[in-house]
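# Observations on chain architecture
Listed below, chain by chain, are the residues.
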Amino acid sequence: MTITSALVLFSGGQDSAVCLAWALRRFERVETIGFDYRQRHSVELRCRTVFLAKLREAFPGWAARLGEDHLIDLGVLGEVSDTALTREQEIGFAASGLPSTFVPGRNLVFLTFAGAVAYRRGLRALVGGMCETDFSGYPDCRRDTIDATSTMLTLGLDRPTPIETPLMYLDKAQTWALGDELGGTRLVDLIVEETHTCYLGDRTHQHAWGYGCGTCPACELRGRGWETWRGVR
Ligand code: ZN
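As a starting point, this report considers the structure included with it. (Residues numbered from 1 in each chain as written. Predicted model: local features only at pLDDT ≥ 70, side-chain atom pairs only at ≥ 80, totals over all residues. Heavy atoms only, no water.)

Of regular secondary structure, the protein possesses 8 helices and 7 strands. Here the protein holds 233 residues, and the buried ones make up 54% of them. Of the contacts made within the protein by residues no fewer than 6 positions apart, 68% connect residues no fewer than 24 positions apart. On the protein, roughly 10600 Å² of surface is accessible, and the fraction owed to carbon and sulfur atoms is 52%. (Helix = DSSP H or I, 4+ residues; strand = E, 2+ residues; numbered from the N terminus. Buried < 20%, exposed > 50% of the residue type's maximum accessible area, 1.4 Å probe, protein only. Contact = heavy atoms within 4.5 Å. Areas by Shrake-Rupley, 256 points an atom, 1.4 Å probe, with all protein chains shown as cover.)

Six octahedrally arranged donors around a metal ideally form angles of 90 or 180 degrees; four tetrahedrally arranged donors ideally form angles of 109.5 degrees. Here the zinc ion is held by the protein donor atoms Cys198 (SG), Cys213 (SG), Cys216 (SG) and Cys219 (SG), which lie 2.3 to 2.4 Å from it. Taken together, the 4 donor atoms coordinating the zinc ion and their angles of 105 to 116 degrees define a geometry best described as tetrahedral. Read in sequence order, the donor residues for the zinc ion give the motif C-x14-C-x2-C-x2-C. In this pair, cysteine 198 sits in the loop between helix 7 (172–194) and strand 6 (206–207) while cysteine 216 sits in the loop between strand 7 (210–211) and helix 8 (217–232), placing the two residues 18 residues apart along the sequence. (Donors = N, O, S within 2.8 Å, 3.2 Å for Na, K, Ca; no water. Tetrahedral: all angles 85-135°; square planar, octahedral: opposite > 155°, others 65-115°.)

Glancing now at the pattern of salt bridges. Applying the stated criterion to the full structure yields 10 salt bridges. Arginine 29 serves as the salt-bridge partner of glutamate 31, at 3.5 Å between the closest nitrogen and oxygen. Among the ionic pairs, glutamate 68 bridges to arginine 121, the shortest N-O distance being 3.3 Å. In this pair, glutamate 68 is assigned in strand 3 (residues 66–73) and arginine 121 in helix 5 (residues 106–121), connecting sequence segments 53 residues apart. Relative accessible area serves as the criterion here: at 27%, arginine 121 is assigned to the partly exposed category. (Salt bridge = Lys/Arg side-chain N within 4 Å of Asp/Glu carboxyl O.)

Here the focus is the sheet that holds strand 5 (residues 163–164). Note: strands within a sheet are paired through backbone hydrogen bonds, in either parallel or antiparallel orientation. Strand order across the open sheet formed by 5 strands is 3-2-1-4-5, with parallel pairing between neighbours. Unpaired on one side and paired on the other, strand 3 and strand 5 mark the two borders of the sheet. The pairing of strand 4 (residues 125–127) with strand 5 spans 2 bridges and is classified as parallel. When the sheet's bridge partners are listed, valine 127 is paired in strand 5 with glutamate 164. Of the strands in this sheet, strand 1 (5–9), strand 2 (29–36), strand 3, strand 4 and strand 5 are in contact with helix 1 (residues 14–26), which crosses strand 1 at around 175 degrees. Relative to the sheet, helix 2 (residues 43–58) contacts strand 2 and strand 3, its axis offset from that of strand 3 by approximately 175 degrees. (Pairing = 2+ DSSP bridges. Axes fitted to C-alpha atoms, helices over the stretch in contact; angles between N-to-C directions.)

Further remarks concern the nonpolar core. Membership of the largest hydrophobic core comes to 63 residues, with the highest contact counts inside it found for Leu20, Phe51, Leu55 and Leu187. Looking at which element gives the most residues to this core, the answer is helix 7, with 9 residues. Leucine 55 has contacts with Leu20, Leu24, Trp62, Leu66, Leu187 and Leu190, leaving out every residue within four places of it along the chain. (Core = buried A, V, L, I, M, F, W, Y, C linked by side-chain atoms within 4.5 Å.)

On to the packing of helix 1 against helix 2, then. Contact geometry for helix 1 and helix 2: axes closest at 12 Å, N-to-C directions at 35 degrees. Pair helix 1 / helix 2 crosses with right-handed handedness. Listed contacts from helix 2 to Ala17, Leu20 and Leu24 of helix 1 are Phe51, Leu52 and Leu55. (Left-handed = near helix turned anticlockwise from the far one by under 90°.)

With that out of the way, let us pick up the packing of aromatic side chains. With the rule as written, the count across this model stands at 8 aromatic pairs. An angle of 40 degrees between the planes, with centres 5.5 Å apart, marks the rings of phenylalanine 10 and phenylalanine 51 as tilted. Here phenylalanine 10, found in the loop between strand 1 and helix 1, pairs with phenylalanine 51, found in helix 2; they are 41 residues apart in sequence, far enough to count as distant. You'll find phenylalanine 10 and phenylalanine 51 in the same group, each marked buried. (Phe/Tyr/Trp six-rings, centres within 6.5 Å; stacked < 30°, edge-to-face > 60°.)

Attention now goes to helix 2. In an α-helix, one full turn covers 3.6 residues, which means residues spaced three or four apart are oriented alike. In a regular helix each residue adds 1.5 Å, so 16 residues correspond to 22 Å; helix 2 covers 22 Å between its end C-alpha atoms and thus fits that length. Buried residues belonging to helix 2 abut helix 1, strand 2, helix 3 (60–63), strand 3 and helix 7. (Expected span 1.5 Å × (residues − 1).)

Remember that side chains alternate between the two faces of the sheet whenever the strand is regular. Along strand 2, 6 of the 8 residues are buried, which leaves the element largely enclosed by surrounding structure. Pairing of strand 1 with strand 2 involves 5 bridges; the strand directions are parallel. Bridge pairing in strand 2 places alanine 6 opposite valine 30. At this point the chain moves from strand 1, through helix 1, to the parallel strand 2, and the crossover so formed is right-handed. (Right-handed = clockwise from strand over helix to strand, strands pointing away.)

Right under this line is the structure:
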C-alpha cells in the first residue's frame, strides 16, 4: 500500500522545516505537530506559527496539502528533566558524556504522542528531523532507536507506523542543500528568516544563516553548515 499521508514533527527549527518540505513533496495530505515542554528557547514555538503561515503563502501548491497544526502541551516533560534546555544551566557536557542539552526521553515521548495524534487523524507515517550525523550523539536520534519506536507504535496501536527520518545521515550543509533542492531560494530564505535553532532563544543577532547568539553549539552547527554549503555550491 502506498502511504499518502503523514504527520510531521515540526519544532520551528531548520531541520524540521526541511522535513516538512520533504513531506509536502511526497505526501498528499500532511499535518504538523509541535510540543511545548517549557523549552528555554520557547521562541521556537512562535517561529513555527509564523513559518507555517508564510510557507502557505509562498507555496500555494503545498498549502493545499497542508492541514491542521497540533500543538501539544508537554510541560510535564520540562518538570521531570533537569537539562540545559529546560533550566537556566550552562550548556556543556554532563557526567554521562552527553551534552547537557540532552532531554532524556524527549523523542520517545514526542513520537508516542505523534503516534497517538496520527492514529486519531488517520495519518499513516510520522516524519521527524532526527539525525545521527552531527555532534550531538543524542541516543534517541539514532536510527536504531527510531526503528524500535516504530515497532513499539506498530504493535501498540495495531497498525503500521513507519517513521521517516530524511535527515538521518545528512550533515548540516547537506540539510541546507536539501532545502534548496526541495523549495529553492524561496524556501531557503524562509528557513533563514523564520526558523529558530539557537539554544539560548536569541532573536536579536542576525547572521547570513538566520538569527541566534552565534556561539552556542546549535548556532555553531547551523552557521558552519551554511558556510560549507555556500562554499561548495
Ligand atoms: Zn545560539
